Amino acid sequence: MVLNVINHPYEFDMKNLCTIFFPYEKIKMQGSEEIVITTKKDGSCLTVDAVVYDKRLCENYKLVSGEDEQTAMSALLYDVLSDILGFKPPWGILFGVRPAKLMHRFVEQMGEEKARAYFINDFLATPEKTNLAIEVMKHENQIISLSGENSFSLYVSIPFCPTRCSYCSFVSHSIERTKALVSPYVELLCKELKSIAQVAKNLSLRLETVYFGGGTPTTLNSNQLYTILKTIEENFDLSNVREYTVEAGRPDTVTEEKLLTLKSAGVSRISINPQSFNDEVLEAIGRRHTAKQTIDAYNLAVKSGFDNINMDFIAGLPKDNLDSFRNSIDTAVNLGANSVTVHTLALKSGAYMVTKDLTFDLSDRITTSDMVDYSYNKLSSSGYYPYYMYRQSKSLGNLENVGWCKPSKDCLYNVYMMDETHSVFSAGAGAVTRLKAQKSGKIDRIYNFKYPYEYIDRFEEILNRKESIYDFYSKYK
């Protein structure tokens, strides 16, 4: 598709809104295409002219004194594309990752009721999504208040999985192809953890949460897990840790020996992520386990003493349907999962399958929206509340990802990450250390090498990069 931006500086907003409506399209700023969107400002007059295959709609809007020009241009584009495609994205013109954080800023500026009205009337978000943002904001704020000036979190990256899921966008590698890298990776990971621990000690920082992600951390064997866990125990002060999470996301990696290793090291929260309880769906996305294996892994975790178990699901997966998705959510609730995270399938960039029929086919978006709505109704009526939320570009229907939990089972790390509350020191391939200055709000990042072989081959460079943490705290504390 071609996007023309004439006489105004809002190209970024226009591109993001076009992506919401045309997630399969690659946006170009010039050329000849069957989809052409023109946005123009002429004095106080705004114009959007949209040609989508054989449909065309042109609308004008005259700005009134004091009106926000950027919001008005976005709203006009939203209205035109909604009318052509017959689809109104429920978050309106909002495309940011953190709607609850935006809501928090608006509530502080104008109060809750005016903020709610602004989301609905100016941002064109539905009342349901607006209320969700407010509810998440309130739960997030309770967790954010626990963080102090010297607080930080620790993230440990284990970028290996049994197989790579078809929807995955994370840095994860099949253990079958990278098995030879695991042992040297663990050795260097422990070395990096020791280095990070020394930095935290020298800066008198307080560790609040620990999170093992990936990949699938439980792809490692119990001895390898023990080595990493022991390194953390011996080098970090864990006396103030409020939460210790390890993702055991793939049920086919869960064993009693691994669970007991985690439990004995003080791990307080784990994730066992089915994504679906439909075996046909699991096969379609490249998973080699069954729904029964997920249930068995969950029950084994309960038997091993875990009382804070999360389960992840994805709305919009191939081969899934509304009845099947309902069964997945119902099964998690009936099992007694302490928290349930409902993601929306994000479309891979580069999968540009543009046809007229695809452009106007709303079936996937409608079905996925129905799935998300069902999860909201089922979980809220079953004693869960939404405690964190984020959004991804090119998600089906421009929908959200929401973490739901039973009382006191919120994942603190998820909130700290999404809110950018405090520094997160990160170790391992693909890990990003985020530094946060509490007084100024300044944020800086230190990137590790993305792939395990790079991490191993250029490890000393990573340690050298971490030295800049001292400079940051010296400058901004």
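Structure: above.
Structure report, in brief. Just so we're clear, the structure is a prediction, and the values are computed from it rather than from any experiment. (Residues numbered from 1 in each chain as written. Predicted model: local features only at pLDDT ≥ 70, side-chain atom pairs only at ≥ 80, totals over all residues. Heavy atoms only, no water.)

A count of helical and extended segments in the protein chain gives 17 helices and 17 strands. Expected size for 477 residues packed as a compact globule is a radius of gyration near 23 Å; at 23 Å, the protein chain falls within 12% of this value. Considered along the principal axes of its C-alpha atoms, the protein chain spans approximately 65 × 55 × 45 Å. The 477 residues of the protein chain split such that 55% are buried. Only carbon and sulfur atoms are counted for the fraction: they give 47% of the accessible area of the protein chain, which is about 20,400 Å². Seen as two clouds, the 54 positive and the 59 negative side-chain charges of the protein chain have centres 3 Å apart. (Helix = DSSP H or I, 4+ residues; strand = E, 2+ residues; numbered from the N terminus. Rg over C-alpha atoms; globule rule 2.2 N^0.38 Å. Buried < 20%, exposed > 50% of the residue type's maximum accessible area, 1.4 Å probe, protein only. Areas by Shrake-Rupley, 256 points an atom, 1.4 Å probe, with all protein chains shown as cover. Lys, Arg positive; Asp, Glu negative; His and termini not counted. Charge placed at Lys NZ, Arg CZ, Asp CG, Glu CD.)

Scanning the model with the defined rule gives 23 aromatic pairs in all. Plain terms: the ring middles of Tyr387 and Tyr388 are 5.2 Å apart, the flat faces sit at 35° to each other, and that makes the pair tilted. Summarising the burial analysis for this pair, Tyr387 and Tyr388 share the class buried. Through a chain of ring-to-ring contacts, the aromatic side chains of Phe106, Tyr118, Phe119 and Phe123 assemble into a single cluster. Over the ring of Phe87 we find Arg365, and its NZ or CZ is 4.9 Å from the ring centre. (Phe/Tyr/Trp six-rings, centres within 6.5 Å; stacked < 30°, edge-to-face > 60°. Lys NZ or Arg CZ within 6 Å of the ring centre and 35° of its normal.)

The subject of this paragraph is the side chain of Lys129. Relative to the helices and strands, Lys129 resides in helix α5 (residues 127-144). For Lys129, a relative accessible area of 8% translates into the label buried. Excluding residues within four positions of it along the chain, Lys129 makes contact with Pro90, Trp91, Val372, Asp373, Leu399 and Glu400. (Contact = heavy atoms within 4.5 Å.)

Soluble globular proteins tend to bury their nonpolar side chains together. With 120 residues, the main nonpolar core has Ile37, Phe212, Ile228 and Phe425 as its most contacted residues. Residue contributions to this core peak at 11 residues, all from helix α6 (residues 175-202). Ranked by size, the runner-up nonpolar core spans 17 residues in total, among them Tyr211, Tyr385, Leu412 and Val415. (Core = buried A, V, L, I, M, F, W, Y, C linked by side-chain atoms within 4.5 Å.)

Bringing the pattern of salt bridges into the picture now. Considering all chains together, one arrives at 21 salt bridges under this definition. Residues Arg98 and Glu420 are paired through a salt bridge, measuring 3.5 Å at the closest nitrogen-oxygen approach. Separated by 322 residues along the polypeptide, Arg98 in the loop between α2 (69-85) and α3 (99-110) and Glu420 in the loop between α14 (412-419) and β15 (423-427) bring together distant segments of the chain. Taking the relative accessible area as the measure of exposure, Arg98 reaches 30% and is therefore partly exposed. Residue Glu420 is classed as buried on the basis of its relative accessible area, which comes to 10%. Across the pair Arg116 and Glu112 runs a salt bridge, and its minimum N-O distance is 3.6 Å. You can see Arg116 and its partner Glu112 sitting in helix α4 (residues 112-121), four residues apart, about one turn around the helix. You can call Glu112 partly exposed: its relative accessible area is 26%. Residues joined by salt bridges that share partners form a network here, namely Arg98, Lys101, Glu420 and Arg445. (Salt bridge = Lys/Arg side-chain N within 4 Å of Asp/Glu carboxyl O.)

Moving on, we come to the packing of α3 against α4. Contact geometry for α3 and α4: axes closest at 7 Å, N-to-C directions at 130°. Relative to α4, the element α3 is oriented oblique. Considering only the axes of α3 and α4, their crossing is right-handed. Within the contact between the two elements, α3 uses Pro99, Leu102, Met103, Phe106, Val107 and Met110 and α4 uses Glu112, Lys114, Ala115, Tyr118 and Phe119. Its residues assigned to classes, the contact of α3 with α4 shows nine nonpolar, no polar and two charged. (Axes fitted to C-alpha atoms, helices over the stretch in contact; angles between N-to-C directions. Parallel < 35°, antiparallel > 145°, perpendicular 65-115°, else oblique. Left-handed = near helix turned anticlockwise from the far one by under 90°. Nonpolar A, V, L, I, M, F, W, Y, C, P; charged D, E, K, R; others polar.)

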